Amino acid sequence: MKKLLMAAAAAALMLGAASASASAEALKACWVYVGPIGDFGYSFQHHQGLLAVQKEFGDKVETAYAENVSEADSEKTFERFAREGCKIIFGTSFGFMEPMLKVAKKFPDVKFEHATGYKTADNMGTYNAKFHEGRYVIGQIAAKMSKTGTAGYIVSFPIPEVVSGINAFMLGAQSVNPNFKVKIVWANTWFDPAKEADAAKVLLSQGADITVQHTDSAAPLQVAQEQGKFGFGQASDQYQFAPKAQLTAIVDNWAPHYINSVKAVMDGTWKPQQTWEGMENGTVSMAPYTNMPDDVAKMATETAAAIASGKLNPFTGPITKQDGTVVGEAGKPLPDGDILGMNWYVKGIDDQLPQ
Amino acid sequence: MRLEKRAERSSTMALASPFIAIALTIVTAGLIFALRGNSPLQALYVYFIEPLTAIWSVEQLLVKASPLILIGAGLAVAYRANVWNIGAEGQLTAGAILAGAVPVFLPQWQSPLTLAAMMVLGIAGGMAWAAIPAFLRNRFSANEILTSLMLVYVSQLLLDYLVRGPWRDPQGFNFPKSVTFAEGQLLPYVTSGIHAGVLVTFVVALVLGYIVSRTVKGYEITVTGLSPRAARFSGFSQSRTILFCMMLSGGLAGLAGAFEISSVVGQLQPQVSPGYGFAAIIVAFLGRLNPVGAIIAGLLLALSYIGGEAVQTALQIPDKITRVIQGILLFYILACDTLINYRIVFSVPALARA
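Residues numbered from 1 in each chain as written. Chains lettered and ligands numbered in written order. Predicted model: local features only at pLDDT ≥ 70, side-chain atom pairs only at ≥ 80, totals over all residues. Heavy atoms only, no water.

Looking only at helices and strands, one finds 14 helices and two strands in chain B. With the C-alpha coordinates of chain B rotated into their principal frame, the extents come out at 80 × 60 × 35 Å. Across the 354 residues in chain B, those meeting the buried criterion constitute 54%. Summarising the internal contacts of chain B: among those between residues at least 6 apart in sequence, 78% fall at separations of at least 24. As displayed, chain B offers around 15,400 Å² of accessible surface, 69% of which is attributable to carbon and sulfur atoms. (Helix = DSSP H or I, 4+ residues; strand = E, 2+ residues; numbered from the N terminus. Buried < 20%, exposed > 50% of the residue type's maximum accessible area, 1.4 Å probe, protein only. Contact = heavy atoms within 4.5 Å. Areas by Shrake-Rupley, 256 points an atom, 1.4 Å probe, with all protein chains shown as cover.)

Right under this line is the structure:
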């Protein structure tokens, strides 16, 4: 027993020494994920960003992460990272906003970046991606590929990011087929493969023949494949899960943003910003177009290129809301604030938003 | 090797069983770490020892343990009386809803009475929610395990509805959150990391321990649990005990909910607890259905959460390890508890050879 204790003490000392020497030179960057990195969707893509940072900076950076962190209990995780010597901490879920803000106040020397939120501080910025640009493209594809003219859309929470995604999808679909219909099921979760699959089954049995999801697993896509229907991947290229059903996927690529932010901290130039990037620099991109005729793939490629070059904005006025009122000036895109705070549906969506 | 019934319940084993279980859990955890290719000693150190070596992590441990102890102590009393309240998570949520109503409707009100009102409402919410299964059991003999469990989902969905609809922060861009509470609606901190609720928790657990072991009420509860018939002959009303136990455990769960939203969370949101109400069931059993034992058990379970996060960030061991270790711990406790009434005999009995 005595030997065991001594061995434990020795191991502890070695561990302490090892972490001390590493932190002396390398910059420590840390990530807090809301889901498991094995979701092969949203959290997986953020983790790809971590790996890219590791690859870019090699020995000069040390990384750490915590996955599956509950939104009710994330404050202690952020504090742990701040205490463990992280110089920049990324939180990837909207629900982390208040806990991060609290910890940021407590640790003014640590930089914080919060994905998809809106509150900032002297040492806390936000970053987000224009996912809706990709949604417009898949809306067009859905309208071309659907035989019933109806898509089934599985959604997580009625927050602006999700609502603007639904609207962009619908506007894309209507640009091809003005009578296109979208049926919606709220799953009230970001990641629950069983629930997501059930929702997909319900939607397909109600006459939808294409599934779209704003939840993080590949389950709806797999259901579509089982039933010989089509669907889209979410956040990550999910082709391997449904090679016969995936038409394309909206791929989030956080790597450039993470590399820039870590570099800015290293150079001492980091400032709290509110970045919101999309197809123009590859933060949002489309997975290869599969399982579709060439003319549909060609249309999608052209639309994506037009969005990337700035020629096309999914939210170009005038846009008719569900209640019939019209927003936006003809030929002009809606202001960013309207999209970031969107809480209304465009015309033709068969659902009510909680008001 | 076989099990043989003891002539009498072993009180030594009753005390030793949790410690044997903890030792076995640590050995098993070491094995799992070794199988994953981590150094077991290093991983065990990071998991179980390191969190106790820094003040900030001890503070986190106490804050994390607080709701577990508060709920676990109440459940321990209820379980003594054979009142199986499984729905503490729902009572916690109901308490959070009522307590949160104060900042939602009176965002400006920040007098010393504000917090008191929130805490009283939290207790009332938990009690009201627990009174439903108590009434159903007393009036219709409905099994409280089922009714209290089902009510968990009802209160969680109610909270979900409120923060997405009527109680949503009007300035919150449609996100499912209430307003953030003002300074005077948050619990004061006694150190930089420990809020006042932690102290209340320890006092409550100690007082409950006294009630259980030294008062007539405690005797009534224990007798009702051990032998309802004997309790009836002594003039104790079973339905009154059921109501008392449900209200006590529910009220404390509600208070835990009020503490959480006015300290760690700071607002109402769809999820206000990462499952404290369920984890507290383990705490009650690990603490030998004794409120004071629940203090130790709650600290241990909190350590399993904090340590699980530590090995995750330091050694990249997946977060699922926390659940695995908690499950193994509960398994060993139940297994070791067999030794209270049975002993292991190593000789082969003559009959078995035939």
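Okay, back to it.
Core analysis: the largest hydrophobic core is formed by 88 residues, its most contacted members being Phe33, Leu68, Ile71, Leu75, Tyr79, Met119 and Leu268 of chain B. A per-element tally of this core places helix H3 (residues 55-80) of chain B first, with twelve residues. In this structure, Trp31, Phe94, Val182 and Tyr258 of chain A belong to the second largest nonpolar core, which totals 78 residues. (Core = buried A, V, L, I, M, F, W, Y, C linked by side-chain atoms within 4.5 Å.)

In this complex, chain B contributes 39 residues to the contact, which on the side of chain A involves 42 residues. Contact between chain B and chain A buries roughly 3,500 Å² in total, counting both sides, with carbon and sulfur atoms accounting for 55%. At the junction of chain B and chain A, the tally comes to three salt bridges. Its salt-bridge partner being Glu309 of chain B, residue Arg80 of chain A comes within 3.2 Å of it at the nearest N-O pair. For the side of chain B that touches chain A, the residue count by class is 15 nonpolar, 15 polar and nine charged. (Buried area = accessible area lost by both parts, 1.4 Å probe. Salt bridge = Lys/Arg side-chain N within 4 Å of Asp/Glu carboxyl O. Nonpolar A, V, L, I, M, F, W, Y, C, P; charged D, E, K, R; others polar.)

Our next topic: helix H6 (residues 160-176) of chain A. The first and last C-alpha atoms of H6 of chain A sit 24 Å apart over 17 residues, in line with the 24 Å expected at 1.5 Å per residue. Of all 17 residues making up H6 of chain A, 14 are buried, and the element is well covered by its neighbours. (Expected span 1.5 Å × (residues − 1).)

Turning our eyes to something else, we now look at the sheet that holds strand E4 (residues 111-115) of chain A. Residue and element names in this part refer to chain A. Strand order in this open sheet of six strands is E2-E1-E3-E4-E5-E11, and the pairing throughout is parallel. For this open sheet the edge positions go to strand E2 (61-66) and strand E11 (274-277), each flanked by a neighbour on one side alone. Neighbouring strand axes in the sheet, compared pairwise and without regard to direction, differ in orientation by 20° on average. Direction of pairing for strand E1 (residues 27-32) relative to strand E3 (residues 88-91): parallel, over a ladder of four bridges. Pairing of Val32 across the sheet is with Gly91, part of E3. Where helix H2 (residues 42-57) meets the sheet, it contacts E1, E2, E4 and strand E5 (124-129), and its direction lies at approximately 165° from that of E2. (Pairing = 2+ DSSP bridges. Axes fitted to C-alpha atoms, helices over the stretch in contact; angles between N-to-C directions.)

Our next topic: the packing of helix H12 (residues 291-315) of chain B against helix H13 (residues 320-341) of chain B. Residue and element names in this part refer to chain B. As a packed pair, H12 and H13 sit with axes 8 Å apart at the nearest point and diverge in direction by 150°. Of the two elements, H12 crosses H13, and the hand of that crossing is right-handed. Mapping the contact onto sequence places Leu300, Leu301, Ser304, Tyr305, Gly308 and Val311 in H12 and Ile321, Thr322, Gln326 and Leu329 in H13. Tallied by class, the residues present in the contact of H12 with H13 amount to six nonpolar, four polar and no charged. (Left-handed = near helix turned anticlockwise from the far one by under 90°.)

A word on the pairing of strand E7 (residues 181-186) of chain A. All names here are of chain A. Here six bridges tie strand E6 (residues 150-155) to E7, and the two strands are oriented parallel to one another. Across the sheet, the residue bridging to Thr150 is Lys181, located in E7. With respect to chirality, the unit in which E6 leads through H6 into the neighbouring parallel E7 is right-handed. Of the strand pairs in this sheet, E7 and strand E15 (residues 349-350) are connected by two bridges, and their pairing is parallel. By the bridge assignment, Val182 is partnered in E15 with Ile349. (Right-handed = clockwise from strand over helix to strand, strands pointing away.)

Bringing the pattern of salt bridges into the picture now. Residue and element names in this part refer to chain A. Taken as a whole and judged by the stated rule, the model has 21 salt bridges over all chains. Glu302 is paired through a salt bridge with Lys298; the nearest N and O atoms lie 3.3 Å apart. On the criterion of helical spacing, the pair formed by Glu302 and Lys298 is a turn pair, its members being four residues apart in helix H10 (residues 294-309). A relative accessible area of 47% places Glu302 in the partly exposed class. Across the pair Glu329 and Lys332 runs a salt bridge whose closest N-O atoms are separated by 3.7 Å. With a relative accessible area of 47%, Lys332 lands in the partly exposed category.

Residue and element names in this part refer to chain A. Cis peptide bonds are those with omega within 30 degrees of zero, and the linkage from Gly317 to Pro318 qualifies with -5°. On the secondary structure map, Pro318 appears in the loop between H10 and strand E13 (319-320). Phi is positive for Thr116, close to 70°, though the residue is something other than glycine. Here Thr116 lies in the loop between E4 and E5.

For the rest of this paragraph, the subject is the side chain of Glu89 of chain B. Residue and element names in this part refer to chain B. With respect to the secondary-structure elements, Glu89 resides in helix H4 (residues 88-105). Despite its burial, Glu89 pairs with no opposite charge; the closest candidate is Arg323, at 10 Å N-O. Engagement of the side chain of Glu89 in a polar contact is seen with the backbone nitrogen of Gly277, the distance being 2.6 Å. Residue contacts for Glu89: discarding those within four places in its chain leaves Val152, Gln156, Ser273, Gly275, Tyr276, Gly277 and Phe278. (Lys, Arg positive; Asp, Glu negative; His and termini not counted. Polar contact = N/O pair within 3.5 Å; in protein donor to acceptor, adjacent residues only side chain to side chain.)

Turning our attention to helix H8 (residues 219-226) of chain A. Residue and element names in this part refer to chain A. Turning to H8, its buried residues are Ala219, Pro220, Leu221, Val223 and Ala224. For H8, the elements touching its buried residues are E6, helix H7 (193-205), strand E8 (210-214), strand E9 (230-235) and strand E10 (246-252). Positive backbone phi, approximately 70°, marks Gly228, located one or two places after H8.

This brings us to empty space enclosed by the protein. Take a probe with the size of a water molecule and roll it over the atoms, and the empty space left behind shows itself. Applying the stated rule across the entire model yields four cavities of 30 Å³ or more. When its volume is computed, the largest cavity comes out at roughly 100 Å³. Lining the largest cavity are 14 residues, and of these Met97, Glu98 and Tyr118 of chain A together with Lys177 and Gln267 of chain B lie nearest its centre. Of the residues in the lining of the largest cavity, the class split is five nonpolar, five polar and four charged. If you add up the space inside the second largest cavity, you get close to 80 Å³. What lines the second largest cavity is simply Val34, Tyr42, Thr92, Ser93, Phe94, Thr116, Glu161, Trp190 and Asp216 of chain A. Residues of the lining of the second largest cavity, tallied by class, amount to four nonpolar, three polar and two charged. (1 Å grid on protein atoms, 1.4 Å probe; cavity = no way out; pocket = protein on both sides within 12 Å on 5 of 7 lines; lining within 4 Å. Points joined across faces, edges and corners; volume = space filled by probe spheres on them.)

All names here are of chain B. For Gly251, the location among the structural elements is in helix H10 (residues 238-265). Relative accessible area serves as the criterion here: at 3%, Gly251 is assigned to the buried category. Along the chain, Gly251 and Ile344 lie 93 residues apart, while their C-alpha atoms are 42 Å from each other. When neighbours within four sequence positions are excluded, Gly251 is seen to be in contact with Ile123, Gly126, Met127 and Met246.

Residue and element names in this part refer to chain A. Mean pLDDT for chain A: 90, with 93% of residues reaching 70 or above. The element-level mean pLDDT for chain A is lowest in helix H1 (residues 2-25), coming to 48, with E3 highest at 97. Counting contacts from residues 10-23, a segment whose pLDDT is below 50, to residues more than four positions away or on other chains yields seven contacts. (pLDDT = per-residue confidence, 0-100.)

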